[in-house]
Amino acid sequence: AVLAGVGGGAVDAALNAFAAARFAPRHLNWMHGCWGVGATLGPALAAGLLAAGFGWRAGYATVAAILGALTLAFLLTRRRWDGAAPVASGPRVTALAVLRNRVARLQMLLFFLYTGLEAGAGQWAATVLTARGATPAEAAAVATAFWGALAAGRLLLGFVVDRIGADRMLRLAAPVAVLGAVLFALGLGAPALALLAVALAPVYPTLMARTPARLGAAAAVHAVGFQVAAAMTGVAVLPAVMGAAADRFGTGAVPPILAALALLLALLLWRLPARA
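Below or above, wherever it landed, is the structure these notes cover.

1. Let's talk about the overall build of the protein chain
Of regular secondary structure, the protein chain possesses 12 helices and 0 strands. Going from N to C terminus, the protein chain has its helices and strands arranged as α-α-α-α-α-α-α-α-α-α-α-α. A compact globule built from 276 residues should have a C-alpha radius of gyration of about 19 Å, and the protein chain, at 19 Å, falls within 12% of that. Along the longest, intermediate and shortest principal axes, the C-alpha atoms of the protein chain span 60 × 45 × 35 Å. Each of the 276 residues in the protein chain was classed as buried or not, and the buried ones make up 39%. Long-range pairs, those at least 24 residues apart, make up 80% of the contacts in the protein chain between residues at least 6 apart in sequence.

Put into structure tokens, the structure is as follows:
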């Protein structure tokens, strides 16, 4: 698990830094939309292997084969990754200097909250819906649809984000995410989660794409790494907090926490400088 986490985190940070420095927000939305496709198909693949009678080792073996193919692809295309990149102007920026930057810290907090909200909604949706009376199969289908809606939202919004404007897209998505989370807390199921997923879809990739413009190319390499680390911390911590609340107060405590996280995320998104 440690090896997988370190390796996956390094690839995540490096790909995001590479794309943020070279591509437009629409490209990062499409890239992360593909991540959503993988997040949707991965559990389905694992379930299919188990249903076919294979043990849990087959799932890990399949993942190892996919990662091996990915490694080979990187090796075969390694020269393409050395293409011309934007040249950072001005003095070299240290990692400590980036951490002292108020906007950099704000973005780290945003990534922490965003991924905690996204992962919490995706991981707890089936449990909450089952407690509300849905069958396990219905609840699982809605949870899968959440990840599918997230992927579809990124792929579709990638076509319009550059026309609308990256910062405007973030400010428009924020209140819609709050609405979706509040509706889920009030008892609405699949439609609320779908609305939440589509509203959340552009946040992570668009924030990442705007990092070089907000902080400067020299600081972006450090900042992207810190943001990815904050995002992974959010995935680890906030759904666990929801679990502790559910254990103490019941699963009904989870949707209000999601709504509170969505509201806090929206307020902080509106505090970001709209122009670099």
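Next comes the rest of the account.
2. A closer look at the packing of helix 1 (residues 2–22) against helix 10 (residues 203–215)
Remark: helix 1 packs on helix 10, axes separated minimally by 8 Å, with the N-to-C direction vectors making an angle of 65 degrees. Crossing angle aside, the handedness with which helix 1 passes helix 10 is right-handed. Contacts between helix 1 and helix 10 pair D12, N16, A20 and A21 from the former with Y204, M208, A209 and P212 from the latter. Across the contact of helix 1 with helix 10, the residue classes break down as 6 nonpolar, 1 polar and 1 charged.

3. Side note on a nonpolar patch on the surface
A surface patch of nonpolar side chains, amounting to about 230 Å² of accessible area, comprises V37, L41 and L155. Topologically, L155 is positioned in helix 6 (residues 136–157). The partly exposed category is assigned to L155, whose relative accessible area is 31%.

4. Examining helix 10
An α-helical segment advances 3.6 residues per turn. Residues three or four places apart therefore align on the same side. Its 13 residues place the ends of helix 10 17 Å apart at the C-alpha level, agreeing with the 18 Å of an ideal helix rising 1.5 Å per residue. Within helix 10, 12 of the 13 residues are buried, which leaves it mostly tucked inside the rest of the structure. Among the residues making up helix 10, those that are buried are V203, Y204, P205, T206, L207, M208, A209, R210, T211, P212, R214 and L215. Directly after helix 10, the chain includes G216, whose backbone phi takes a positive value near 100 degrees.

Cut-offs used in this document
Residues numbered from 1 in each chain as written. Predicted model: local features only at pLDDT ≥ 70, side-chain atom pairs only at ≥ 80, totals over all residues. Heavy atoms only, no water. Helix = DSSP H or I, 4+ residues; strand = E, 2+ residues; numbered from the N terminus. Rg over C-alpha atoms; globule rule 2.2 N^0.38 Å. Buried < 20%, exposed > 50% of the residue type's maximum accessible area, 1.4 Å probe, protein only. Contact = heavy atoms within 4.5 Å. Axes fitted to C-alpha atoms, helices over the stretch in contact; angles between N-to-C directions. Left-handed = near helix turned anticlockwise from the far one by under 90°. Nonpolar A, V, L, I, M, F, W, Y, C, P; charged D, E, K, R; others polar. Patch = residues over 30% accessible without salt bridge, like charges linked within 9 Å, V, L, I, M, F, W, Y side chains within 5 Å. Areas by Shrake-Rupley, 256 points an atom, 1.4 Å probe, with all protein chains shown as cover. Salt bridge = Lys/Arg side-chain N within 4 Å of Asp/Glu carboxyl O. Expected span 1.5 Å × (residues − 1).

Structural measurements only, silent on function.
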